[in-house]
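Chain by chain, the residues run as shown.
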Amino acid sequence: MYTKIKYLSKKIEVIHISKELNAIEKKLEEIRRERERADREFKSLIYQQKLADSKQERRERTHRIATKGAMLEKYFDCESYSFDDTEELLKTFANFVKENRPKKFKEKYHGPKQNE
């Protein structure tokens, strides 16, 4: 009888451990799923941030180009020029402007020249 009780006690202990192991495995699987969900959400947020940054950069570039284009039209009085004519006008004066750029712009945007 004692042996039978000992056997049943061990069997109950094994069943109890088995139930605890199942509960731990379920919890581990739940944690894995939660981590996968968090990883997907993190990747999604990174992607959304990259899109937002790209959109902001495009917006800033568009604004800069439009502003500079407006200044070009204002100071060169070339609103009615075609794209090709505007380009030809700019090419005509490009070397002159590059060579005669004020020193403050050369240093500010191109760094100080050693031979100047």
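Residues numbered from 1 in each chain as written. Predicted model: local features only at pLDDT ≥ 70, side-chain atom pairs only at ≥ 80, totals over all residues. Heavy atoms only, no water.

Take the overall build of the protein chain next. Along its length, the protein chain carries three helices and zero strands. The N-to-C order of helical and strand elements in the protein chain reads α-α-α. What you see for the protein chain is a C-alpha radius of gyration of 37 Å, clearly larger than the 13 Å of a compact globule of 116 residues, by over 25%. Taken over the C-alpha atoms alone, the protein chain extends approximately 110 × 40 × 20 Å along its principal axes. By residue count, 3% of the 116 residues in the protein chain fall in the buried class. When the accessible surface of the protein chain is summed, it comes to about 11600 Å², and 57% of that surface belongs to carbon and sulfur atoms. Positive and negative side-chain charges in the protein chain, numbering 29 and 22 respectively, have mean positions lying 10 Å apart. (Helix = DSSP H or I, 4+ residues; strand = E, 2+ residues; numbered from the N terminus. Rg over C-alpha atoms; globule rule 2.2 N^0.38 Å. Buried < 20%, exposed > 50% of the residue type's maximum accessible area, 1.4 Å probe, protein only. Areas by Shrake-Rupley, 256 points an atom, 1.4 Å probe, with all protein chains shown as cover. Lys, Arg positive; Asp, Glu negative; His and termini not counted. Charge placed at Lys NZ, Arg CZ, Asp CG, Glu CD.)

If you walk through the whole model with that rule in mind, you get two aromatic pairs. Where Phe105 meets Tyr109, the ring centres are 6.4 Å apart and the plane angle is 25 degrees; that geometry is what we call stacked. Placement of the pair is Phe105 and Tyr109 together in helix α3 (residues 103-110), with a separation of four residues, close to one helical turn. When its relative accessible area of 34% is taken as the criterion, Phe105 is described as partly exposed. (Phe/Tyr/Trp six-rings, centres within 6.5 Å; stacked < 30°, edge-to-face > 60°.)

According to the stated counting rule, one finds eight salt bridges in the structure shown. Close ionic contact of Glu29 with Arg33 constitutes a salt bridge, the shortest N to O distance being 3.8 Å. Taken together, the positions of Glu29 and Arg33, both in helix α1 (residues 2-76) and four residues apart, correspond to about one turn of that helix. When its relative accessible area of 35% is taken as the criterion, Glu29 is described as partly exposed. (Salt bridge = Lys/Arg side-chain N within 4 Å of Asp/Glu carboxyl O.)

Attention now moves to a nonpolar patch on the surface. Among the surface-exposed residues, Met71, Tyr75, Phe76, Leu90, Phe93, Phe96 and Val97 lie close enough to one another that they form a single nonpolar patch of about 720 Å² accessible area. Broken down by secondary-structure element, the contributors of at least two residues to the nonpolar patch are α1 and α2 (83-99). With four residues, the single largest contributor to the nonpolar patch is α2. Relative to the assigned elements, Tyr75 resides in helix α1. The class of Tyr75 is exposed, set by a relative accessible area of 60%. (Patch = residues over 30% accessible without salt bridge, like charges linked within 9 Å, V, L, I, M, F, W, Y side chains within 5 Å.)

Quick look at α3 now. Taken across its eight residues, α3 has zero buried, putting it largely on the surface. A positive backbone phi angle near 80 degrees is found at Gly111, which sits one or two residues after α3.

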